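Each chain is listed here by its residues.
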Amino acid sequence: MGSAAAILDHDAELMLRVKEGDGFSFGLLLEKHRAPVIHFLYRLVQEHGVAEELAQEVFLRVYRSRSSYEPTAKFTTWLFRIATHLALNWLRDRKHERGQERLDDGPGAYSRQISDRRPSVEQQLVYEVRLEEVRRAVAALPEKQRAAVLMHKYEEMEYTQIAKVLGCSESAVKSLLFRAYETLRARLAHL
Amino acid sequence: MINMNCPMEMGNSELLVAYAAGQLNLEAKMTLERHLAGCPECRSLAAEQAALWKALDAWEAPPVSPDFDRRLYRRIQEEVRHSWWERVSRPFRPMPLRQALPLTATACLLLMASLLVKHPGNLHPVEPRAETVRVEQVERTLDDLELLDQFSTPGQVESTGSGTM
């Protein structure tokens with residue numbers, strides 16, 4: 001089993017050590033994947049607090065599943081599969097609760113999260129408006145398209161890995177991304 | 001020749017996406033750029049995709065909260081403590097009635113069976129014999145026997161038997 005994990009990836013090997021009770025290896029996995037998972041979730045749900053809560057649940061589930069873990073796929077595929085599943089469920093629950101997607105938080109909600117580089121008030125304003133448009137355009141995508149774009153663009157995942165995370169074929173992922181980028185290009189053409 | 005290799009016509013738009021993302025190797029990049037030079041449609045799409053890529057690049061995620069790990073480890077500790085307590089307390093927890101009834105019935109049956117094996121007589125208790133015999137009772141019995149002797153002729157027995165019994 002250990003050699004199988006080594007063929008797959010180093011993360012799977014670390015996870016096998018976690019399975020054997022090595023807490024240090026869990027810490028290494030957390031250190032490596034904490035930010036990518038939170039950032040992915042943040043861009044998917046677009047609420048920082050919720051993204052961190054969901055990420056907590058992701059790593060908690062990883063820890064809970066340690067005893068039954070089998071390195072049948074790349075560790076990140078498994079990790080992002082959990083993250084995507086939780087985020088899409090959260091989005092669906094919220095949609096049911098509110099009746100519609102909450103996209104009208106206004107740019108002020110996000111502006112607090114922008115980094116401190118402020119060359120000028122005008123540039124800052126332009127940056128915020130553009131960012132808000134990007135945010136809204138991504139949020140308006142259907143859930144699977146959104147998840148596919150975020151994994152492809154920000155996590156630089158291969159089509160095959162995205163397909164495994166989303167539980168669909170590689171050609172379906174290509175189709176999802178083609179449509180998603182087409183929509184985004186049309187919406188953000190003026191930027 | 002250009003149309004034959006056109007990624008859009010070949011249904012290979014991911015090639016243009018990969019080009020815009022800077023993910024193509026040098027050979028593939030040069031081949032595509034030769035095609036782009038003569039294909040305005042692909043050139044336009046590649047430019048739009050590159051612009052989109054740049055716009056998406058600007059979307060930074062906020063930094064992770066400094067107490068993220070502490071919160072996570074606290075939850076893990078709580079879970080570990082909870083699961084430990086679960087394991088220890090499980091045998092002592094009250095069972096649901098549906099599970100408890102058959103178990104109780106089985107336990108009772110087993111108890112009765114073990115009692116049967118150890119003390120088989122106890123299930124049919126015999127009335128305790130009188131330890132002391134009254135003198136009057138003995139005398140009365142002897143009197144009765146004498147009376148029976150007196151009426152021991154067959155005819156007398158028949159006539160008195162049907163009357164007393």
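Just so it is clear, the structure is predicted and the values come from calculations on it, not from any experiment.

Asker: Run through the overall build of chain B, naming residues and quoting values.
Answerer: On a plain count of helices and strands, chain B comes out with seven helices and zero strands. Each helix (α) and strand (β) of chain B, taken in turn from the N terminus, gives the series α-α-α-α-α-α-α. For chain B, long-range pairs separated by at least 24 residues make up 47% of all intrachain contacts whose partners lie at least 6 apart in sequence. Roughly 13,400 Å² of accessible area belongs to chain B as shown, and the carbon and sulfur atoms make up 61% of that amount.

Asker: Which residues make up the packing of aromatic side chains, and what values go with them?
Answerer: Here the structure, examined in full by the defined rule, presents nine aromatic pairs over all chains. Centre to centre, the rings of A:Phe59 and B:Phe68 are 6.4 Å apart; their planes meet at 80°, and the pair counts as edge-to-face. Here B:Phe68 lies in helix α4 (residues 68-89) and A:Phe59 lies in helix α4 (residues 48-64), a pairing that spans two chains. Grouping residues by exposure puts A:Phe59 and B:Phe68 together as buried. Among the aromatic side chains, those forming a connected cluster through ring pairs are A:Phe26, A:Tyr63 and B:Tyr73. When the ring centre of B:Trp59 is taken as origin, the NZ or CZ atom of A:Arg43, which lies over that ring, is 5.7 Å away.

Asker: Please set out the interface of chain A and chain B residue by residue, giving values where relevant.
Answerer: Between chain A and chain B, the residue contacts involve 41 residues of the former and 30 residues of the latter. Among the residues of chain A in contact with chain B, A:Gln56, A:Lys153 and A:Arg185 are the three that bury the most area, contributing 20% of the side total. The interface formed by chain A and chain B holds nine salt bridges in total. The salt bridge partner of B:Arg75 is A:Glu53, with a shortest N-O separation of 3.8 Å. Breaking the side of chain A that touches chain B down by element, the ones donating at least two residues are α3 (23-45), α4, α7 (121-139), α8 (143-153) and α10 (170-187) of chain A. Sorting elements by how many residues they give to the side of chain A that touches chain B places α4(A) first, with ten residues.

Asker: Please give an account of a nonpolar patch on the surface that cites residues and values.
Answerer: On the surface, a cluster of nonpolar side chains totalling about 350 Å² of accessible area is made up of B:Trp84, B:Trp85 and B:Val88. Its location among the elements puts B:Trp85 in helix α4.

Asker: I'd love a proper account of the environment of B:Pro7, names of residues and values included.
Answerer: Residues and elements named next belong to chain B. In this structure, Pro-7 sits in the segment before α1 (13-20). With a relative accessible area of 2%, Pro-7 lands in the buried category. Considering only alpha carbons, one finds Pro-7 and Leu-36, 29 residues apart in sequence, at a separation of 9.9 Å. Other than its neighbours up to four places away in sequence, Pro-7 contacts Asn-12, Ser-13, Leu-15, Leu-16, Leu-32, His-35 and Cys-42.

Asker: Break down α7(A) for me, citing the residues and quoting the values.
Answerer: Count 3.6 residues to each turn of an α-helix, and residues three or four apart come out pointing the same way. An ideal rise of 1.5 Å per residue puts 27 Å on 19 residues; α7(A) measures up with 26 Å between its terminal C-alpha atoms. Within α7(A), the full set of buried residues consists of A:Gln124, A:Tyr127, A:Glu128, A:Leu131, A:Glu132, A:Val134, A:Arg135, A:Ala137, A:Val138 and A:Ala139.

Asker: Tell me about helix α9 (residues 159-166) of chain A, and name the residues and values.
Answerer: Burial within α9(A) is extensive, with six of its eight residues counted as buried. For α9(A), the full list of buried residues reads A:Tyr159, A:Gln161, A:Ile162, A:Ala163, A:Val165 and A:Leu166. Buried positions along α9(A) lie against α5 (75-98), α8 and α10 of chain A together with α1 of chain B. Downstream of α9(A) by a residue or two, A:Gly167 has a phi angle that is positive, lying close to 70°.

Calculation notes
- Residues numbered from 1 in each chain as written.
- Chains lettered and ligands numbered in written order.
- Predicted model: local features only at pLDDT ≥ 70, side-chain atom pairs only at ≥ 80, totals over all residues.
- Heavy atoms only, no water.
- Helix = DSSP H or I, 4+ residues; strand = E, 2+ residues; numbered from the N terminus.
- Contact = heavy atoms within 4.5 Å.
- Areas by Shrake-Rupley, 256 points an atom, 1.4 Å probe, with all protein chains shown as cover.
- Phe/Tyr/Trp six-rings, centres within 6.5 Å; stacked < 30°, edge-to-face > 60°.
- Buried < 20%, exposed > 50% of the residue type's maximum accessible area, 1.4 Å probe, protein only.
- Lys NZ or Arg CZ within 6 Å of the ring centre and 35° of its normal.
- Buried area = accessible area lost by both parts, 1.4 Å probe.
- Salt bridge = Lys/Arg side-chain N within 4 Å of Asp/Glu carboxyl O.
- Patch = residues over 30% accessible without salt bridge, like charges linked within 9 Å, V, L, I, M, F, W, Y side chains within 5 Å.
- Expected span 1.5 Å × (residues − 1).

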